[in-house]
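What follows is the residue order along each chain.
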Amino acid sequence: MVAPLPYPALHASHSGIWICSVDGETRAIGKGEAIGRVAETPHILLNAPLLGQRLGYPDLSGLDLLELFAFIHPAQFVVPTPAGLAKTLGLTPPDQEADIAALCRQAASLLLEGLEAPFWKEREGAWSSAQALYRLRWPWAQEVGRKLEKPVEAERWLFSKLTEWEEEAPRPAPRSVTMNQSEALATLDALTGEGSEEREGQKSYTAAVSQIFNPRKIKGEPNMLLAEAGTGIGKTLGYLAPASLWSRQAGGTVWISTFTKALQRQLDRETRRIYPDEETFRKKVVVRKGRENYLCLLNLEDALQGGFTGRAAILAHLVARWAAYSKDGDMVGGDLPGWLTTLFRRNGATALTDRRGECVYAGCPHYRKCFIEKAAHASQQADIVIANHALVMVNAARGREQQNRPTRLIFDEGHHLFDAADSMFAARLSGQEAIEIRRWVIGPETKNRGRRRGLAARLADLASYDEEGGRAIESARLAAEAMPADGWLQRIGEGEPFGPIEALLQEVRAMVFARDESQSADAGYGLETELTDVEGPMIDAVATAAQAMDALLKPLVRLGQRIEHLIEEGPDWMDAPARARMEGALSSLGWRRDTLSGWLSLLTRIGGPADPDFVDWLMIDRFEGREYDIGICRHWLDPTIPVTEVVTKPAHGVMITSATLKGGGGWDTARARSGAVHLPHPPQEFEVASPFDYPNQAKVIIVTDVKRGDMAGLAGAYAQLIEASAGGTLGLFTAIRRLRTVYARIADRMAQSGLPIYAQHVDPIDTGTLVDIFRDDPKASLLGTDALRDGVDVPGQSLRLVVMESVPWPRPNILHRARRLAGGGSAYDDRIIRARLAQAFGRIIRRADDHGHFVILSSSFPSRLFSAFPEGTPIERMPLAQALAEINKATSEMQDSGLSTETSLMHDNPQ
Ligand code: SF4
């Protein structure tokens, strides 16, 4: 029997507010009383920011169960809802909202009891952590402290507990191996297991993929395959079979690049089938992400030792608890619960990663335990590296790991390659970017928290040994003072810019406002104008800014040369760690040099003839009327040109694959969007259709009587559709404003119908957690924008209806206009929309037993776009009432047939 705690609990939703007293009695109360009570007495809560939003009291705080869970079970998954917590703790999920407050009290007692359990596996470090949290006045510290006994022996501190990576000899180059298709198919058989269903599509896919691993015939011309494989053919195992076989036979590494975290997680699971033994798996399969995803131990140490105060310091201690048990230290999409940082309103979380590239590499006391370095070293010996498109491109373009460049690459979710390349190879000279360079060179200029150091402090030993290097550092520091400093946006707004770059940005801002044609159409949101017909003050400002930029670039180039010289010379004092640190400094210096050179070339072009390969424009980033950044942008008209040069051509074998690679168009589209058109010879092409029975599993409905611009009508339609489907609805919007309006109008109604509704851009919950919540509750619905269009993988009945509020036209911005002109006008737009529709439709049917409707609330939906949907899918235009009747009928049939509404979080591969 678990002893009750002496604290009341509070629960609030759109349908009411309840308090469960210390006597265990629950009653409904009003907002005013609830706010008064929580301000007076600490209450047990579940997700304080979310409850605060429901109460209209954003400062709500108390004894948050999620914080307690994070302390007791670091690195463990839980869906952060009452039902999710109840399931994890073995309690009965509540039937009614009124029972949730009592459940919270029960859950708190149970969690605290767990601290005394002899089998509690996360005990180590808890006592020391609780002591520190007590000093920080963490609300749970007292209760936790009562249950924890002081350990007999001093606990190992996080930094001594983490294992070190070992230096290993570089892996020899892979052997030349000609793939045997029968062996690849036998490997596939072994992976899919005996008795698995007939899968001809998957077999032919595997046979096609195995060809990319054959020896390359000509340097600069990889074996390249474009493969469109419909949902459900078992794509991941289809390519993992030949990839693992080649890796075993040739002794090389295959890189698999993804776009969404959902697929990364899935690959992590699928690859366990190849290496069932845990230890072998850890050696053979490595997940890599950009360094800004990982916890930086040096930043954490700084935060724990006083760098952070208040709530941010409490977060740092909970993150330290997690780091001691984490699989890989990935703070974004790894085993750190996505909800943890949002509980702290993102206070301090980003400062715990290495976002500013201030890593001191071997100069760091935690270098040998560093999560980033660990993943980088492990990937050199791995058979399979699971990465993402951005990381593959960054490493190829400016990585430190040139000897470890991927030579066999599989780009899954290849339809995102174009957009990933577009961001990666773009240049953006803006205030926010320029201030980062200033900080990187000069270091902290105010009493900022954190351990940031300037260039001089980071390279003090070089400066004392090499006079010329020291002079270069000093010149760079002086030149960096011309970059924007804190308060730049305000100064520009007041017409008092400081220094040449701020002066240039002031001209940019004036020109954007002067030429803005959007008028009130997009009030308060981003503005842009083409970089043409520039004259007068702007030209002068550009010239002065370019001089300042050049003055900074020159000493950085000189410094780079001095470091290279020093590394070659190898003076006595330069031991292995110092050498590694110099190499690290060289790499981060190279990155800044490249950025500054890109900006300089952007500036020198202004006023001259346009370069047909690029699109340039001026912009002001705004959100709801507030300005965030001002700058000049340059994108490649076709960003697959640089990708082909730096990633594809140097490789030996490349496959680009996706369920929607042709984007509703033909192979021309796939070749253009993948960059294959820039190779000397055409790629191999392969196509296999989905095995799903779309004519019987899905239906597209175009609702004809919801008027464009009628927000009340739109919200009403959403509410009725969600009710007809009894939840299980994914609502996709093309504008955040409309999403928020619809949510605000229907949230209460949905709560009263017992159909929880969650929304991106409204609920203070990260997108990954929102999807977990949606997946876990078949009655829940989720509203969102672009990221949900193909980042949601919810097989089973939790997702049975997708509603799109309108045709997802591309935003008619300057970049789009230029590409549209080059890409065939309206046909180009149609290709983009078809691809988006195909991706959104693809959310519904993830398994052979899935059924669902795809509803578009736009009567003007053109019939020429019907080809976006799989062949044979029924498509019908009808009024809302008829659509509701049809969906209602499907819901009743589903309920009558007793189809399980359970959806496993560890579902089968839907690919
Ligand atoms: S090596 Fe760099 S990223 Fe890693 S812990 Fe140290 S400073 Fe942070």
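Residues numbered from 1 in each chain as written. Predicted model: local features only at pLDDT ≥ 70, side-chain atom pairs only at ≥ 80, totals over all residues. Heavy atoms only, no water.

Participant: What's the story with the overall build of the protein in this structure? I'm lost.
Facilitator: In terms of regular secondary structure, the protein is built from 37 helices and 23 strands. Relative to its length of 911 residues, the protein is compact, with a C-alpha radius of gyration of 29 Å against a globular reference of 29 Å. Each principal axis of the C-alpha atoms in the protein carries an extent, and together these give about 75 × 65 × 65 Å. In the protein, which comprises 911 residues, the share counted as buried stands at 56%. As presented, the protein carries roughly 38100 Å² of accessible surface, and 50% of it is formed by carbon and sulfur atoms. One finds the centroid of the 103 positive side-chain charges in the protein at a distance of 1 Å from the centroid of its 117 negative side-chain charges. (Helix = DSSP H or I, 4+ residues; strand = E, 2+ residues; numbered from the N terminus. Rg over C-alpha atoms; globule rule 2.2 N^0.38 Å. Buried < 20%, exposed > 50% of the residue type's maximum accessible area, 1.4 Å probe, protein only. Areas by Shrake-Rupley, 256 points an atom, 1.4 Å probe, with all protein chains shown as cover. Lys, Arg positive; Asp, Glu negative; His and termini not counted. Charge placed at Lys NZ, Arg CZ, Asp CG, Glu CD.)

Participant: Got a minute to help me understand the sheet that holds strand S19 (residues 757-759) in this structure?
Facilitator: What holds strands together in a sheet is hydrogen bonding between their backbones, with the strands either parallel or antiparallel. On the basis of which strands lie adjacent, the open sheet formed by seven strands has the order S19-S20-S18-S21-S22-S17-S23 and parallel pairing. The sheet is open, and its two edges are formed by S19 and strand S23 (875-878), each paired on a single side. Put simply, the sheet's adjacent strands are angled 20 degrees from each other on average, direction ignored. As paired strands, strand S17 (residues 698-703) and S23 are joined by four bridges and run parallel to one another. Within S23, the position partnered with Val703 by the bridge is Met878. Relative to S19, helix H32 (residues 736-752) is tilted by about 160 degrees, and along the sheet it contacts S19 and strand S20 (781-784). (Pairing = 2+ DSSP bridges. Axes fitted to C-alpha atoms, helices over the stretch in contact; angles between N-to-C directions. Contact = heavy atoms within 4.5 Å.)

Participant: Quick question: what am I supposed to make of the sheet that holds strand S7 (residues 254-258) here?
Facilitator: Strand order in this open sheet of seven strands is S8-S9-S7-S10-S15-S6-S16, and the pairing throughout is parallel. Each end of this open sheet is capped by a strand with a single partner; those strands are strand S8 (285-287) and strand S16 (684-688). Sheet twist, expressed as the mean angle between neighbouring strand axes with direction ignored, is 15 degrees. Bridging between S7 and strand S10 (residues 408-411) involves four bridges; their strand directions are parallel. Directly across from Trp255, in S10, lies its bridge partner Leu409.

Participant: Help me understand the pairing of S20 in this model?
Facilitator: Remember that side chains alternate between the two faces of the sheet whenever the strand is regular. The two faces of S20 match: Ser781 and Leu783 on one face and Leu782 and Gly784 on the other face are all buried. For strand S18 (residues 729-732) and S20, the ladder comprises three bridges, and the chain directions are parallel. Each residue of the ladder has a partner; that of Leu732, found in S20, is Gly784. Pairing analysis gives three bridges linking S19 to S20, with the strands arranged parallel. Residue pairing across strands places Tyr758 opposite Leu782, the latter belonging to S20. Note that the unit made of S19, helix H33 (residues 767-776) and S20 has a crossover that is right-handed. (Right-handed = clockwise from strand over helix to strand, strands pointing away.)

Participant: How should I be thinking about the side chain of Thr657 in this particular structure?
Facilitator: Within the secondary structure layout, Thr657 lies in strand S15 (residues 653-658). At 2.9 Å, the side chain of Thr657 forms a polar contact with the side chain of Tyr205. With near-sequence residues (within four places) excluded, Thr657 lies in contact with Tyr205, Ala227, Lys235, Tyr239, Phe411, Asp412, Glu413 and Gly414. (Polar contact = N/O pair within 3.5 Å; in protein donor to acceptor, adjacent residues only side chain to side chain.)

Participant: Please explain the site of the ligand as it appears in this structure.
Facilitator: In the neighbourhood of the ligand, 11 residues make up the surrounding shell, with Cys296, Leu297, Cys359, Cys364 and Cys370 lying closest. If you map the ligand onto the pockets, it falls in the second largest cavity. When its residues are assigned to classes, the shell around the ligand shows nine nonpolar, no polar and two charged. (Near = heavy atom within 4 Å. 1 Å grid on protein atoms, 1.4 Å probe; cavity = no way out; pocket = protein on both sides within 12 Å on 5 of 7 lines; lining within 4 Å. Sits in = over half its atoms within 2 Å of the grid points. Nonpolar A, V, L, I, M, F, W, Y, C, P; charged D, E, K, R; others polar.)

Participant: I'm lost on the environment of Glu183 in this one. Help?
Facilitator: Note on placement: Glu183 falls in helix H9 (residues 181-192). Glu183 sits in the partly exposed class, given a relative accessible area of 35%. Through-space distance from the C-alpha of Glu183 to that of Thr529 is 57 Å; in sequence the pair is 346 residues apart.

Participant: Help me understand the packing of aromatic side chains, please; the structure alone is not making it clear to me.
Facilitator: How two aromatic rings sit relative to each other is set out by the distance from centre to centre and by the angle between their planes. In this structure the tally under the stated criterion is 12 aromatic pairs. An angle of 65 degrees between the planes, with centres 5.5 Å apart, marks the rings of Phe841 and Phe869 as edge-to-face. Taken together, the positions of Phe841 in helix H36 (residues 826-841) and Phe869 in the loop between strand S22 (852-856) and S23 put the pair 28 residues apart, joining distant regions of the chain. Ring-pair connections join several aromatic residues into one group, and the members of that group are Phe692, Tyr694, Phe841, Phe854 and Phe869. One Lys or Arg, Lys161, reaches over the ring of Tyr325 and ends 3.9 Å from the middle of that ring. The ring of Trp591 has Arg592 sitting right over it, with the charged end atom 4.5 Å from the ring centre. (Phe/Tyr/Trp six-rings, centres within 6.5 Å; stacked < 30°, edge-to-face > 60°. Lys NZ or Arg CZ within 6 Å of the ring centre and 35° of its normal.)

Participant: Explain the pattern of salt bridges to me, please; I cannot follow it from the model alone.
Facilitator: Pairing between side chains becomes possible if they bear opposite charge and their charged atoms approach one another. Counted under the stated rule, the structure contains 50 salt bridges. Put simply, Asp763 and Arg54 hold a salt bridge, and the shortest N to O gap is 3.3 Å. Pair noted here: Asp763 is in the loop between S19 and H33 and Arg54 is in helix H2 (residues 48-55), with a separation of 709 residues, a long-range link. Arg54 carries the same exposure label as Asp763, and that label is buried. A salt bridge links Arg864 to Asp830, with the shortest nitrogen-to-oxygen separation between them at 2.6 Å. Of this pair, Arg864 sits in the loop between S22 and S23 while Asp830 sits in helix H36; the two residues are 34 residues apart in sequence, bridging distant segments of the chain. Owing to a relative accessible area of 45%, Arg864 belongs among the partly exposed residues under this scheme. Classification of Asp830 as buried rests on a relative accessible area of 8%. One continuous salt-bridge network, built from bridges that share partners, spans Arg27, Glu33 and Arg37. (Salt bridge = Lys/Arg side-chain N within 4 Å of Asp/Glu carboxyl O.)

Participant: How should I be thinking about the packing of helix H14 (residues 297-307) against helix H15 (residues 310-325) in this particular structure?
Facilitator: Each pair of packed helices gets described by two things: the angle between the helix axes and the distance between those axes. Their axes nearest at 9 Å, the elements H14 and H15 cross at an angle of 135 degrees. With respect to each other, H14 and H15 are oriented oblique. Along this stretch, H14 crosses H15, giving a crossing that reads as left-handed. Side by side, H14 and H15 meet where Leu300, Ala303 and Leu304 of the first sit next to Ala316, His317, Val319 and Ala320 of the second. Split into classes, the residues belonging to the contact of H14 with H15 amount to six nonpolar, one polar and no charged. (Parallel < 35°, antiparallel > 145°, perpendicular 65-115°, else oblique. Left-handed = near helix turned anticlockwise from the far one by under 90°.)

Participant: Before we go on, may I ask you to explain helix H31 (residues 711-725) in this structure?
Facilitator: Helical geometry: 3.6 residues make up each α-helical turn, so side chains three or four residues apart lie on a common side. When the terminal C-alpha atoms of H31 are compared, their 21 Å separation across 15 residues agrees well with the 21 Å that a helix rising 1.5 Å per residue should span. Most of H31 sits out of view: 11 of its 15 residues are buried. Those residues of H31 not exposed but buried are Met711, Leu714, Ala715, Gly716, Ala717, Tyr718, Ala719, Leu721, Ile722, Ala724 and Ser725. Of the residues flanking the start of H31, the one acting as N-cap is Asp710, its side-chain oxygen 3.3 Å from the backbone nitrogen of Ala712. Ala726, located one to two residues past H31, shows a positive phi value of around 55 degrees. (Expected span 1.5 Å × (residues − 1).)

Participant: Please explain the confidence of the model for the protein as it appears in this structure.
Facilitator: Detailed reading of the predicted model is not advised wherever pLDDT is low. Summarising the model, the protein shows a mean pLDDT of 89, and 95% of its residues fall at 70 or more. Confidence scores differ between elements of the protein, with helix H34 (residues 786-791) showing the lowest mean pLDDT of 76 and helix H3 (residues 65-72) the highest of 97. Here residues 900-911 is a poorly scored stretch, pLDDT under 50, and it has 41 contacts once near neighbours within four places are set aside; other chains count. (pLDDT = per-residue confidence, 0-100.)

Participant: Help me out: how do you make sense of the side chain of Arg199 in this one?
Facilitator: Mapped onto the elements of the fold, Arg199 is located in the loop between H9 and helix H10 (200-210). A polar contact of 3.1 Å, which involves the side chain of Arg199, links it to the side chain of Thr192. Among all residues touching Arg199, those that are not within four sequence positions of it are Leu188, Asp189 and Thr192.

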